Amino acid sequence: MKLVSWNINGIRTFKGGIKTAVDRLDADIICVQETKVTRDLLDEKTAIVDGYNSYFSYSRGRSGYSGVATYCRDTATPFAAEEGLTGLLNNHERSTGCYGAHTDFSNEELQLLDNEGRAIITQHKIMCQNKEKTVSVINVYCPRADPDKPERKLFKLQFYKLLQSRAEALLKGGSHVIILGDVNTSHRPIDHCDPCDIDDFDENPGRKWLNGFLYSSRQEEEETDKEDHNKEIEITDCAHMGRFVDTFRYFHPARTNAFTCWSTLTGARQTNYGTRIDYIFADRRLVQEQFAGADIMPEVEGSDHCPVWAQLKCLLLSSSKPPPLCTRYLPEFAGKQQKLSRFLVKVDQKLSQAEPKEALPESQEEEERRENVNPFHANNIPGKKRSSASKSVAPKGKKSKTTNISLKPRVNLLSFFKPKLTDVEQCENKPGLDEFTASHNNPKASTTSELCSGTGGTTEDTVLVVDAPSQLCTSSTTGEKDRMVKTKQSASQLSVGQSDVKKGASSVFWKSVLHGPPPAPCCKVHKEPCVLRTVKKEGPNMGKQFFVCGRPQGHASNPEARCNFFMWVEKGK
């Protein structure tokens, strides 16, 4: 049995679809966080994945925010599933139950804690040592404590407390418990890239909660077992010791630089300047008896987090039918009801061509089908031309809109702003052809028309048709045309020159009005061009621009990381 947890930072960002991502992770249960999708934005390609059954929890207050989802292989189908931690969102049968005491929370607080779509619980059957047992998998996305919003710090601590209450209630009800997801707190200094840079690192309320929630360490656990193995159950039940184990630290107690989250704005992943805030917790007895390994997957990209995984030795038993919370039972995907947006989505042409179409009675497709089956039908008379599809008759009483298809090639928009070169043939006198026609009708007027041809009265077509006497004047006509072409070319060149002058003047004007980005200075340590940043944090410097070193963020002792160069951009530059 293999589990994977991954904060994907938006489930719709996968170009190849979520199926490609879950197949690559190769796990029985895949828990993703920060899906940033609500019920109305959930599409069928994301909700219904071949080979998996999925369960979603959405944010009910904000769109494109928070959200978690659990994908279970069809061979690992749970027998119960539930959204949220409080039980207030449960309106289905086959829920997980065991909610614990909520005496420390008001009803309004409980509703707010479950309103952001931060938890999904699935219950599975496992076979351990020829005994069938239950394991509850809690997929969580814990809140982030915004330093500028004190109320979010309290919200985060309340969520931690509710999570612990529900997990311990499930454990007390006889089920093993696995908690996995983004906890948004690095536990120890070894889990942070630069703990010395944080004031009162150990005094953080989130770290204090983790200290009480988790069992101390693997070394202390082994020492306790050696001293008195018979007191193991009593120690596990002690509240101050914690009932859950950080599985990664259980197998890798001293590994350094093992981080799961990096800042994408500073390129910190290149220097591994991050934190470990993604965990897989499990109750102590399950870890001791069934866990075979746990690790992180920093090589998997696609988010600002990397996946974490854990492997169990027990056999996972599949339910014959998914619980009612499964997305395949949603009306918009079960064929019972269609959303209005489904009628506005562009249909793939390949899929539409592959599907058989039912032609309307007496439609053109039906007639063509009849002709193919029986070409000598009574209605098909040999030699009679069939009307083309473009000349189909519109029903009476309805005006059909016709589209005029232009045979002219499409013209670039910039061509309308360039000077037009006048065609010689368009500037020549058109009456010359009429005079030539009249000369043939009246022989006396032929000489007059021939004499007039020297003045440029005839066109080039006229010169080609005229007999030998009139061809004597072609040289004078050609010379006149050459002079006209040269004159028009010089005029066009003059107009182009004038337009270039105007264009240059306008570019100077716009450059004086719109200032481009200032030239980037070079940092003093690496002698490389800096990058331009803008202050987005609210305060007196909001909106101001500054230059910093262009290298990725890293520890101060790392020479390949960003140096401490900083320079404000002066106004007017």
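Calculation criteria
Residues numbered from 1 in each chain as written. Predicted model: local features only at pLDDT ≥ 70, side-chain atom pairs only at ≥ 80, totals over all residues. Heavy atoms only, no water. Buried < 20%, exposed > 50% of the residue type's maximum accessible area, 1.4 Å probe, protein only. Phe/Tyr/Trp six-rings, centres within 6.5 Å; stacked < 30°, edge-to-face > 60°. Lys NZ or Arg CZ within 6 Å of the ring centre and 35° of its normal. Helix = DSSP H or I, 4+ residues; strand = E, 2+ residues; numbered from the N terminus. Arc of directions from axis to C-beta. Contact = heavy atoms within 4.5 Å. Polar contact = N/O pair within 3.5 Å; in protein donor to acceptor, adjacent residues only side chain to side chain. Salt bridge = Lys/Arg side-chain N within 4 Å of Asp/Glu carboxyl O. 1 Å grid on protein atoms, 1.4 Å probe; cavity = no way out; pocket = protein on both sides within 12 Å on 5 of 7 lines; lining within 4 Å. Points joined across faces, edges and corners; volume = space filled by probe spheres on them. Patch = residues over 30% accessible without salt bridge, like charges linked within 9 Å, V, L, I, M, F, W, Y side chains within 5 Å. Areas by Shrake-Rupley, 256 points an atom, 1.4 Å probe, with all protein chains shown as cover. Axes fitted to C-alpha atoms, helices over the stretch in contact; angles between N-to-C directions. Parallel < 35°, antiparallel > 145°, perpendicular 65-115°, else oblique. Nonpolar A, V, L, I, M, F, W, Y, C, P; charged D, E, K, R; others polar.

1. Describing unusual backbone geometry
(1) Moving on: With a phi angle near 55°, Lys-36 is a residue other than glycine that sits in the positive phi range.
(2) Moving on: The backbone of Cys-98 shows a phi angle near 60°, a positive value even though the residue is not glycine.
(3) Moving on: Among the residues examined, Cys-98 registers a relative accessible area of 34% and is labelled partly exposed.

2. Points about the packing of aromatic side chains
(1) Moving on: Following the criterion strictly, the structure yields 12 aromatic pairs and no others.
(2) Moving on: The cationic tip of Lys-161 hangs over the ring face of Phe-105; the distance from NZ or CZ to the ring centre is 5.9 Å.
(3) Moving on: Note that Lys-544 overlies the ring of Trp-568, its terminal NZ or CZ placed 4.3 Å from the centroid.

3. Details of helix H5 (residues 205-213)
Residues that lie three or four places apart on an α-helix share one face, since the helix turns once every 3.6 residues.
(1) Moving on: Among the residues of H5, Gly-206, Arg-207, Trp-209, Leu-210 and Phe-213 are the ones counted as buried. Projected onto a plane normal to the axis of H5, the buried residues spread over an arc of 155° and lie on a single side.
(2) Moving on: On the buried face of H5, the contacting elements are helix H4 (150-172), strand E8 (176-182), strand E9 (244-246) and strand E12 (278-283).
(3) Moving on: The backbone nitrogen of Gly-206 lies 2.8 Å from a side-chain oxygen of the residue at the head of H5, namely Asn-204.

4. So, the pattern of salt bridges
(1) Moving on: Inspection of the entire model under this criterion finds 19 salt bridges.
(2) Moving on: A salt bridge links Arg-249 to Asp-191, with the shortest nitrogen-to-oxygen separation between them at 2.7 Å. Here Arg-249, found in helix H8 (residues 247-251), pairs with Asp-191, found in the loop between E8 and H5; they are 58 residues apart in sequence, far enough to count as distant.

5. Some details on the environment of Thr-264
(1) Moving on: Relative to the helices and strands, Thr-264 is located in the loop between strand E10 (261-262) and strand E11 (274-275).
(2) Moving on: C-alpha of Thr-264 to C-alpha of Ser-303: the two residues are 39 residues apart in sequence and 8.8 Å apart in space.

6. Comments concerning the layout of surface pockets
(1) Moving on: By volume, the largest pocket amounts to about 2,000 Å³.
(2) Moving on: Along its surface, the largest pocket is lined by 49 residues, and Arg-144, Ala-145, Asp-146, Pro-147 and Asn-184 are the ones closest to its centre.
(3) Moving on: For the lining of the largest pocket, the secondary-structure elements that each account for two or more residues are H4, H5, E10 and E11.
(4) Moving on: At five residues, H4 tops the list of elements feeding residues into the lining of the largest pocket.

7. Re a nonpolar patch on the surface
(1) Moving on: Together, Leu-413, Phe-416 and Phe-417 make up a nonpolar patch on the protein surface, roughly 420 Å² of accessible area in all.
(2) Moving on: Mapped onto the fold, Leu-413 is located in the loop between helix H12 (364-373) and helix H13 (424-427).

8. Digging into the packing of H4 against H5
(1) Moving on: The N-to-C vectors of H4 and H5 enclose an angle of 10°; their axes lie 10 Å apart at closest approach. Classified by the interaxial angle, the pair formed by H4 and H5 is roughly parallel. Taking contact as the criterion, the partners of Leu-157, Tyr-160, Lys-161, Leu-163 and Gln-164 in H4 are, on H5, Pro-205, Gly-206, Trp-209 and Phe-213.
(2) Moving on: When grouped by side-chain class, the residues that make up the contact of H4 with H5 number six nonpolar, two polar and one charged.

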